[in-house]
Amino acid sequence: LSMLRRIGGDFILEKLPLLTYLQELWALEEVGGSILIDGCPELQYSALYTLPSVGGSITLRDLGKLLVFRMPSLTEAQSLSLGSSGDGESLYFLTELNIDSLTTLGGDLSLTGTRNLGLLSAPQLRDIDGALHIEAACSLRPSLPVLAELGSLHIEGACGVDDFSGLPALTALNGQDADGYSLW
């Protein structure tokens, strides 16, 4: 699939028990729908280097050996969800999340069960219309230097967070999460 440039709808990789690497999509420039990668227990490395925009959400679940997820060209998506609420294991070994060009999320940025992810670095991310939800992420230190507005902020079980200095530009929480909280 190294020449594939466009996917008009959803891009789903689900229940592929032998898939170990996903980096062959060198030319991918457009996904009109959502991306779901779920139930690939041997996947260790995933990179979509040239993809600038995703029309829907990006969801990663049940990827017990995933170490690295890179989308360095991504500038916008509807939402980014790693793990599932209440699940502390499905992305246990993830150490690197590269979203350095991301500027806007129309929905949530949710990181659940990313226990070994040390740094959430999104130096260009200015706006998250939904929630920033960090749960069961013991090593995580957010670094979102230009993030000014959020729908809501939910940090739970993130024992690596000792202060909020990684959010220096945050000026407004404009909404609430599904449970009705703006700041949890």
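Let me sum up the structure you'll find in this document. (Residues numbered from 1 in each chain as written. Predicted model: local features only at pLDDT ≥ 70, side-chain atom pairs only at ≥ 80, totals over all residues. Heavy atoms only, no water.)

### Considering the pairing of strand 7 (residues 57–61)
Then, in step 1: Of the strand pairs in this sheet, strand 5 (residues 35–38) and strand 7 are connected by four bridges, and their pairing is parallel. The partner of Asp 38 across the bridge, within strand 7, is Arg 61.
Then, in step 2: Across four bridges, the pairing between strand 7 and strand 10 (residues 79–82) is parallel. From the neighbouring strand, Thr 59 faces strand 10, where its bridge partner is Ser 81. (Pairing = 2+ DSSP bridges. Helix = DSSP H or I, 4+ residues; strand = E, 2+ residues; numbered from the N terminus.)

### Quick look at the side chain of His 154
Then, in step 1: Relative to the elements of secondary structure, His 154 occurs in strand 17 (residues 149–156).
Then, in step 2: A polar atom in the side chain of His 154 sits 3.4 Å from the side chain of Trp 184.
Then, in step 3: Filtering out sequence-adjacent residues up to four positions away, His 154 remains in contact with Leu 132, His 133, Ile 134, Asp 177 and Trp 184. (Polar contact = N/O pair within 3.5 Å; in protein donor to acceptor, adjacent residues only side chain to side chain. Contact = heavy atoms within 4.5 Å.)

### Examining the packing of aromatic side chains
Then, in step 1: The full count for this structure, using the stated rule, is four aromatic pairs.
Then, in step 2: Here the aromatic rings of Tyr 92 and Phe 93 are separated by 5.0 Å at their centres, their planes lie at 80°, and the arrangement is edge-to-face.
Then, in step 3: For the ring pair Tyr 181 and Trp 184, a centre distance of 4.4 Å and an interplane angle of 70° mean the geometry is edge-to-face.
Then, in step 4: With relative accessibility at 37%, the residue Tyr 181 sits in the partly exposed group.
Then, in step 5: For Trp 184, a relative accessible area of 42% gives the class partly exposed. (Phe/Tyr/Trp six-rings, centres within 6.5 Å; stacked < 30°, edge-to-face > 60°. Buried < 20%, exposed > 50% of the residue type's maximum accessible area, 1.4 Å probe, protein only.)

### Considering the nonpolar core
Then, in step 1: Counting residues in each nonpolar core, the largest one holds 49 residues, and the members touching the most others are Ile 35 and Ile 37.
Then, in step 2: Looking at this core, the elements with two or more residues in it are strand 2 (11–14), strand 5, strand 7, strand 10, strand 13 (109–112), strand 15 (127–135) and strand 17.
Then, in step 3: If sequence neighbours within four positions are ignored, Ile 37 has contacts with Leu 13, Leu 22, Leu 43, Ser 46, Thr 59, Leu 60, Arg 61, Leu 63 and Phe 69. (Core = buried A, V, L, I, M, F, W, Y, C linked by side-chain atoms within 4.5 Å.)

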